[in-house]
Amino acid sequence: EKKNIFRETLGIKENQTIFLYQGGLSKGRGIEILLEAFKTIDNENSVIVFMGYGTLENLIQKISKEYKNIYFHKAVSPDVLLDYTSSVDFGISTIEDTCLSYRYCLPNKMFEYLMAGIPVIVSNLYEMKRLVEFNKIGTVAKENSPEGLKEAIKEAVKLDKVELKINIQKVKAIYNWEEQEKILLDVYKGLI
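Residues numbered from 1 in each chain as written. Predicted model: local features only at pLDDT ≥ 70, side-chain atom pairs only at ≥ 80, totals over all residues. Heavy atoms only, no water.

Visitor: What should I look at first to understand the sheet that holds strand β1 (residues 17-24) in this one?
Guide: Sheet strands line up and pair through hydrogen bonds in the backbone, either parallel or antiparallel. Read across the sheet, six strands follow the order β3-β2-β1-β4-β5-β6 without closing on themselves; strand pairing throughout is parallel. Of all the strands in the sheet, just β3 (70-74) and β6 (138-140) have a single pairing partner and so form its edges. Across the sheet, the mean angle from the axis of one strand to that of its neighbour is 20 degrees, orientation sign disregarded. With three bridges joining them, strand β5 (residues 120-122) and β6 adopt parallel strand pairing. Bridging from a neighbouring strand, Val-122 pairs with Val-140 of β6. Sheet strands touched by helix α2 (residues 31-40): β1, β2 (46-53), β3 and β4 (90-93). Its angle to β2, the strand with the most contacts, is close to 155 degrees. (Pairing = 2+ DSSP bridges. Helix = DSSP H or I, 4+ residues; strand = E, 2+ residues; numbered from the N terminus. Axes fitted to C-alpha atoms, helices over the stretch in contact; angles between N-to-C directions. Contact = heavy atoms within 4.5 Å.)

Visitor: Which parts of the structure should I look at to understand the packing of aromatic side chains?
Guide: One pair of aromatic rings is described through two measures. These are the centre distance and the angle between the planes. The final tally for this structure, using the stated rule, is six aromatic pairs. Judged by centre distance (6.0 Å) and plane angle (65 degrees), the ring pair of Tyr-104 and Tyr-126 falls under edge-to-face. Here Tyr-104, found in the loop between α5 (100-103) and α6 (108-115), pairs with Tyr-126, found in helix α7 (residues 126-135); they are 22 residues apart in sequence, far enough to count as distant. A relative accessible area of 47% places Tyr-126 in the partly exposed class. A centroid spacing of 5.7 Å and a plane angle of 50 degrees characterise the contact between Phe-111 and Tyr-175, whose relative ring orientation is tilted. Taken together, the residues Phe-111 in helix α6 and Tyr-175 in the loop between α9 (161-174) and α10 (177-191) connect sequence positions 64 residues apart. (Phe/Tyr/Trp six-rings, centres within 6.5 Å; stacked < 30°, edge-to-face > 60°. Buried < 20%, exposed > 50% of the residue type's maximum accessible area, 1.4 Å probe, protein only.)

Visitor: I tried to follow the pattern of salt bridges on my own but got confused; where do I start?
Guide: Charged atoms that come close allow side chains of opposite charge to pair. Under the criterion given, the structure shown has 10 salt bridges. Asp-89 is the partner of Arg-7 in a salt bridge, and the nearest nitrogen-oxygen pair spans 3.2 Å. Residue Arg-7 is located in helix α1 (residues 5-10), and its partner Asp-89 is located in the loop between α4 (78-85) and β4; the two are separated by 82 residues in the primary sequence. Overall, Asp-89 belongs to the partly exposed group, its relative accessible area being 24%. The shortest N-O distance in the salt bridge between Asp-97 and Arg-103 comes to 3.0 Å. (Salt bridge = Lys/Arg side-chain N within 4 Å of Asp/Glu carboxyl O.)

Visitor: Whenever I open this one, α6 confuses me. Can you help?
Guide: Residues lying three or four places apart along an α-helix face the same way, a consequence of the helix completing one turn every 3.6 residues. Inspection of α6 places Lys-109, Met-110, Phe-111, Tyr-113 and Leu-114 among the buried residues, and these make up the whole buried set. Looking at the buried side of α6, the elements it contacts are β1, α4, β4, β5, α7 and α9. The first or second residue beyond α6 is Gly-117, which carries a positive phi of 80 degrees.

Visitor: When you look at the nonpolar core in this model, what are you seeing that I'm missing?
Guide: Generally speaking, nonpolar side chains in soluble globular proteins are found buried as a group. Phe-6, Leu-114 and Ile-137 are the most contacted members of the largest nonpolar core, which has 31 residues in total. Within the residue set of this core, elements represented by two or more residues are α1, β1, β2, α4, α6, β5, α7 and α9. Here the element with the most residues in this core is α6; it accounts for four residues. When neighbours within four sequence positions are excluded, Ile-137 is seen to be in contact with Leu-114, Pro-119, Val-120, Leu-131, Val-132, Leu-164, Asn-167, Ile-168 and Val-171. By size, the runner-up hydrophobic cluster in this structure holds 25 residues, among which are Leu-25, Ala-37, Ala-152 and Ile-153. (Core = buried A, V, L, I, M, F, W, Y, C linked by side-chain atoms within 4.5 Å.)

And the structure:
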């Protein structure tokens, strides 16, 4: 069920598009790049909420006081996380290509966004790009830079919302614990 928590608690207007970064607020996750992108977005209708905790929390809080389209929200408990996540229009997962682990990652936060029915904007990394493009569930930043992210954001708001919703529902039917558990159990049975 879609909620409206961020608009209600942070005073974000109904006509503003909310982008969300949720998770660890630390280096290597593209947070500084996102901050630079949203500092220079000259469209008051696009806002970003950073929700989480970590070493970059103070930086985000400081910048959120200077820019009216950048917000900070403290981390919430897992039992209410998807209520908050469902309150946005797009989820952002920007991992920096700093090592092989990151290059081939498929972050949990992407699936949290999708389980909440939210389309995604992701880094141009192999698995993330493949999942998004194959299933048509969002956009991929051509480069992990402020300009690359601004372009992906512009593309995202133009996407067909009805098609996105249908595609996300299809993905949710595959990439959920109940379905993935069956696959895992089959692997375990094959090992016995």
